[in-house]
Amino acid sequence: MSEKQEHVSVAQAARPKHPFAEPPAHWDYAPSLEDKSLARIEARYRLFIDGAWREGRKRFTTINPANEEVLAEVALAGPKDVDDAVAAARRALPKWAGMPGAARAKLLFAVARILQERSREFAVLETLDNGKPIREARDFDVVMAAQHFFYYAGWADKLDLALPAALGKPSPVGVCGQIIPWNFPLLMAAWKLAPALAVGCTCVLKPAETTPLTALRLCEVFEEAGLPKGVVNVLTGAGKTGEAIVRHPDIDKIAFTGSTEVGKAIQRALAGSGKKLTLELGGKAAHIVFEDAPLDEAVDGIVQGIWFNQGQVCCAGSRLFVQESIERRVLDLLDARMRTIRVGDPLDKNTDLGALNSAEQRDKVERYLRVAAEEGATRRAPAAKLPTKGYWCPPTLLEHVTPTMRVAREEIFGPVLAVLSFRTPEEAVQKANNSLYGLSAGVWTNKGSKVFDTIAKLRAGVVWANCYNRFDASSPFGGYKESGFGREGGLHGLLPYLRLPS
Amino acid sequence: MTDPKIHKTFKLYIDGAFPRSESGRVAPLHTQRARKGARANNARAKNGEVSSEVPIAQVARASRKDLRNAVQGARRAFASWSTSSAYLRGQILYRMAEMLDHRSSAFVDALVHFEGCSAAVAKREVEVSATRLLFYAGCCDKLTQLLGTVNPVAGPYFNFSMPEASGVIAALTPSRPSLLGLVSSLAPILVPGNTVVCVVPTQAAPIALDFAEVIATSDVPPGVVQILSGEREELVPHVATHRDLDGCLLCVEDAAIDADTRHRERQLVEAEAADHVKRVHVAEAVTSKDWLEGRAQGLGWILPFVEIKTAWHSMGR
C-alpha cells in the first residue's frame, strides 16, 4: 500500500448534520462466522468429462484469498483433456438437442431446485474460494445462479415462441466452449450454461484458475439432477486451457466473459473460423448524480455500485459524475458512509467488503492507486484494520480526478471510485459516453423526463436509473463498443445459442 | 453525323456531396458486352480490327483518405439520425423507394448499358430493389416492438430492453447484382439508426452512384449514407482497421473472386475487427436467386448491427 493510507477528511469543519455524519468511532459487532465445514472441501479435484471424473496430468492449487491458505489441489486440463471434453460434448449433442424441450426443462428445473436446497453449501464454498463476503455469496450469487437455471428451464419447450416467426425455426448452435471469470464463479457458470443447455447445446466450461471449486461442485448437481453424460464438461486450468478450447476445431461457439484484452485476442483467434462468438468484457461505468437526485438513496447506490464484490465487477460504477452544485455534499455523505463499511473476514456475516481475489489483482489495484497519486488525484480511504494475511484493499475514493487520468479511463476492477463532476446534463452525458467501454451506467434524479432522456443518450448496454447493480435472470446484460457483444439473461440471452435458418 | 455521346464521370458520395476522389484517381469502365466477348475481341484486335471494348465512363477510385472522410461524415450524422424518430426514418426510406421507382426506366437502361444484362432481368432487379426499400421502410417503427421486451424482474423495478443502433457501419457490397446488392445491404443497416459507408466495386459503381442520386434527393440527411467506389482489395484493409467504424457487413463475392481470396478477405476483416471489438457480419453464399428472394431480406439483416439496451428504474414512493 502506498503512503497516503490514512483517512484525510475534507471540509471537516463544515460537515453537515446527517444521520451518517457522526458515527461512533468504531462499531463493535460480535463476529458471526459461517461454518467453514459446510463447504465440504476435498483435498483434490478432478476434471469432469463425459459424465466421469478424471485426473489431470498436472495439478494446481486454489487458495482462500482471505488468508492465503491452500484449499485444494485441482487438475490442470491439457490438450488431450480438451479434445476428450469436446468429443464428449459432440457425442452428447444429437440426443440432447433432439430431446423434447419439456424433458430438458425438467432436468434444468431440477438443477435450479437442487441449487436452492444446497445454497448454504455453495455460498460458503464460493466465499472461501473467491474471498467475497458470505452475505453476498448467500444473498446474491447462489440465489441468482438458481434463478438463471429456473428462468431458462422454462424456455426449453418454448423456443418456437421466443422469436418472431419470420426468423424461421431456430436450432441450437451446437458445442459451446465457455470461459468464465473469477468474480462471480458460480453465477457466471449459470449465466453461460443455463441458456445454452435450455436451447439444446452441449458445453465445455472452463472456470477461472483462481476459483474452480463451485463450477466443479455444480457438476455434482448436474449428476444429481440426471443430466445425460457429456452434456456439460468442466475443465479446470488457466489461460492455456482456455486457448485450447478457443482454438478447438470442433467447437461451434465461444462465449467469453472476462477482460477486454483477452476478449480481443479471442475475437482475433476466431477470425475466419466461422465460429459464433459472444463477448462480455470490461467496463468503466459512469454513475451520474444530478443535483435533483434523492441524495441518501443515491449515496447508497454509489456504495452498492463500487463496493459490491470489492469492486471486482465489470459493470461497477467506477466513474462517479456528480453535479457541481452538490459535489461537496455528496462527498461528505459518501465519506461518512464509507467509514461504516466493515472490511474483514468474508465468512463473517457482518462483513461488507471481503478480500480481493488474488495477489495479482491486489497488485493491480495498488498499481492503479500509485498511478492515481502520480497523476495528481487525492485519495480517501478509512483507516481500516486489515488482516495481515490475504489480499485486501479498503473502500477507496479518488478526488480531483480529471477525465484524462488513467484511473478515469481504465478498468481497475477493485474498490476504487474515481469522483468527477459536471455542470450540465449535456456535459454529464458527453463525459459518460467518452469511453471505449459501454457496458453499464447509472443515473440519479427525481425528474422522470430527465431519467428517460439520460437513459436514451447513454451508450451502454445496461442503465440503472435511481438504482445500481441490480440483476435478474429475465433482464438482458451485455455491452456496447469495447465492452463486447451479445446479451446474457432474458429472452435476448437465448439468441447467442441459436442458429437461425437465414 | 451523330452527336458524340456524353461520357459521365461517376463521383463518390460523401456527406451529402459528390466529390471526386481526393487522390484524383479514376478507373475507366468498359462496356460489358465487349467484355463478354473478350476473346473474340482480342482475335479481332490481332487482325487489326478496332476493338469494341471502349471505355464508356470514368469511375472515381476512392482512397484511404476518402474512406476516412466518409467515416467522419457518417459519425457526424449518427447523433441525429440515430435519435430521429423511427417514423421519420421510415418515411425517408419510403421516399427512397418512391424515387427509385419513379426513375426505374433510367435504372433499367443503365443496367442494360453498363452491365449488359437483358431488359427483363434489369427490370426485375429494379422492381425488387424498390420493394425491398419498402419492406425496410416499414420495419423502422416496428423494430422496437419486435426486438424490445419488458422484463419481469423479481424486485421493485420497472425493467425494459430495446434495440438501438450500433453506430457507423461499413458495408462491403457485392459487384452483382449491383443495385439490389447495395439496397439489400444498406437499407437494413439504416433501419435502427446506424449510418453507413458503402464500399462498392468499380463494376457496380455506375449503378451504385446513380442510386446515390436517389438518396441525395430523398431527404436522407447528409452523412447518413456514403458510397465509395474503388478497388475492394485496396480498401478492405483500411475498412478493417478503421477504429471509428462500429461494424462491418461483408458481402462475400461468390462469382467474381476465388475461394482463397474470399477466405483471406474474411479473415482479415474479422481479425482486424478484434482490435476494437467491431461487430462483423458475413453474408455468405448469397446467390443471385437469393438476392432476388426472401433470403436477402428480413430481420436477420437488421440484427447484426443492433445493440440491446436494458434500463432499470426503481419503483416506490
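Residues numbered from 1 in each chain as written. Chains lettered and ligands numbered in written order. Predicted model: local features only at pLDDT ≥ 70, side-chain atom pairs only at ≥ 80, totals over all residues. Heavy atoms only, no water.

## So, the overall build of chain A
Quick reminder of the rule: Counting from the N terminus, the helices are the DSSP runs of H or I reaching at least four residues and the strands are the DSSP runs of E reaching at least two. This radius of gyration counts C-alpha atoms alone. The globule rule is 2.2 Å times how many residues there are, raised to the power 0.38. Relative accessible area decides the class of each residue, using a 1.4 Å probe on protein chains only: under 20% of the type maximum gives buried, over 50% gives exposed, and in between gives partly exposed. Any two residues having at least one pair of non-hydrogen atoms within 4.5 Å are treated as being in contact.
When you go through chain A residue by residue, the secondary structure sums to 15 helices and 20 strands. Expected size for 502 residues packed as a compact globule is a radius of gyration near 23 Å; at 23 Å, chain A falls within 12% of this value. Projecting the C-alpha coordinates of chain A onto the three principal axes gives extents of approximately 70 × 55 × 35 Å. Going through the 502 residues of chain A one by one, you find that 64% of them count as buried. Pairs at least 24 apart in sequence give 76% of the contacts found in chain A among residues at least 6 apart.

## Looking at the confidence of the model for chain A
In low-pLDDT regions, the fine details of the predicted coordinates are not to be read closely. To keep things clear, this is the line we draw: Confidence per residue, as judged by the predictor, is encoded in pLDDT with a range of 0 to 100.
When pLDDT is averaged across chain A, the result is 94; 94% of the residues are at 70 or more. Counted against residues more than four places away or in other chains, residues 1–14 of chain A, with its pLDDT under 50, gives 24 contacts.

## Topic: the interface of chain B and chain A
The accessible area lost on association of the parts is a frequent measure of interface size. Inclusion rule: By convention, the term buried area covers the 1.4 Å-probe accessible surface removed from two parts as they join, with the contributions of both added. What makes a salt bridge here is a side-chain nitrogen of Lys or Arg within 4 Å of a carboxyl oxygen of Asp or Glu, nothing more. Pairs of N or O atoms are called polar contacts if they sit within 3.5 Å, as long as, within protein, a hydrogen donor faces a hydrogen acceptor (for residues adjacent in sequence, only side-chain-to-side-chain pairs).
On the side of chain A, 43 residues touch chain B, which itself brings 41 residues to the contact. At the boundary of chain B with chain A, total buried surface from both sides reaches about 3,400 Å², with 56% on carbon and sulfur atoms. When the buried surface of chain B facing chain A is broken down by residue, B:V277, B:K309 and B:W312 rank first, second and third, together holding 20% of it. Joining chain B to chain A, the criterion identifies four salt bridges. Where B:D275 meets A:R268, a salt bridge forms, and the shortest distance between an N and an O atom there is 3.6 Å. The interface formed by chain B and chain A contains 28 residue pairs in polar contact (both at pLDDT 80 or more).

## A short note on the pairing of strand β4 (residues 58–64) of chain A
For a regular strand, the rule is simple: side chains alternate between the two faces of the sheet. Residue and element names in this part refer to chain A. As a reminder, the rule being used: At least two DSSP bridges between two strands are required for those strands to pair.
Here seven bridges tie β4 to strand β5 (residues 69–76), and the two strands are oriented antiparallel to one another. In the strand pairing of β5, K58 is matched with L76. Where β4 folds back on β5, the antiparallel hairpin that results is connected by four residues, among which E68 adopts a positive phi of roughly 65°.

## Brief notes about the nonpolar core
Nonpolar side chains tend toward joint burial in soluble globular proteins. So the rule is basically this: Grouping buried Ala, Val, Leu, Ile, Met, Phe, Trp, Tyr and Cys residues that are joined through side-chain atoms within 4.5 Å yields what is termed a nonpolar core.
In terms of nonpolar packing, the biggest core is built from 192 residues, with A:F149, A:L193, A:L197, B:L186, B:F211 and B:I227 touching the most fellow members. Among the elements that line this core, the one with the most residues is helix α6 (residues 185–199) of chain A, at twelve residues. In this structure A:L193 touches A:F149, A:Q178, A:C203, A:L205, A:L218, A:F222 and A:V232, once residues within four positions along its chain are discounted.

## Brief notes about helix α15 (residues 448–457) of chain A
Note the threshold: The arc in question is formed by the directions pointing from the helix axis toward the C-beta atoms.
Listed as buried for α15(A) are A:K450, A:V451, A:T454 and A:I455. Buried residues of α15(A), seen end-on, are gathered within an arc of 135° and therefore sit on one face of the element. The inward-facing, buried residues of α15(A) abut β12 (286–289), α14 (425–433), β17 (440–444) and β18 (462–465) of chain A together with β5 (157–165) and β11 (306–314) of chain B.

## Some remarks on the packing of aromatic side chains
The cut-off we apply is this: Here the aromatic set is Phe, Tyr and Trp, taking the six-membered ring for Trp, and pairing holds for ring centres within 6.5 Å; pairs whose planes are under 30 degrees apart are stacked, those over 60 apart are edge-to-face, and all others are tilted. Put simply, a charge is over a ring when the Lys NZ or the Arg CZ is close to the ring centre, within 6 Å, and near the line of the ring normal, within 35 degrees.
On inspection of all chains with the given rule, the structure shows 22 aromatic pairs over all chains. Taken together, a centroid distance of 6.0 Å and an interplanar angle of 70° make the contact between A:F149 and A:F222 edge-to-face. One end of the pair, A:F149, is in helix α4 (residues 134–153); the other, A:F222, is in helix α7 (residues 213–225), and 73 residues separate them in sequence. Through a chain of ring-to-ring contacts, the aromatic side chains of A:F140, A:F184, A:W191, A:F308, A:W464, A:Y468, A:F471 and A:F477 assemble into a single cluster. A cation over an aromatic ring shows up here: A:K253 above the ring of A:Y497, its NZ or CZ 5.0 Å from the ring centre. Sitting above the plane of the B:F78 ring, B:R75 keeps its charged end 6.0 Å from the centroid.

## A few points about the packing of helix α4 (residues 86–102) of chain B against helix α6 (residues 119–139) of chain B
Residue and element names in this part refer to chain B. The condition that has to hold: Angular values range over 0 to 180 degrees, each being the angle between N-to-C directions of two axes fitted as lines to C-alpha atoms, with helices fitted over their stretch in contact. For this classification, under 35 degrees means roughly parallel, over 145 means roughly antiparallel, 65 to 115 means roughly perpendicular, and everything else is oblique. Handedness of a crossing follows from how the near helix is turned relative to the far one, being left-handed for an anticlockwise turn of less than a right angle and right-handed for a clockwise one. Under the scheme applied here, ten amino acids are nonpolar (Ala, Val, Leu, Ile, Met, Phe, Trp, Tyr, Cys and Pro), four are charged (Asp, Glu, Lys and Arg), and all others, including Gly, are polar.
Running from N to C, α4 and α6 cross one another at 165°; their axes reach a closest spacing of 8 Å. In terms of axis orientation, α4 runs roughly antiparallel to α6. Once α4 is placed against α6, the crossing between them reads as left-handed. For the pair α4 and α6, the contacting residues are G90, L93, Y94, M96, A97 and L100 in the first and V126, S129, A130, L133, L134, Y136 and A137 in the second. Classifying every residue of the contact of α4 with α6 gives eleven nonpolar, two polar and no charged.

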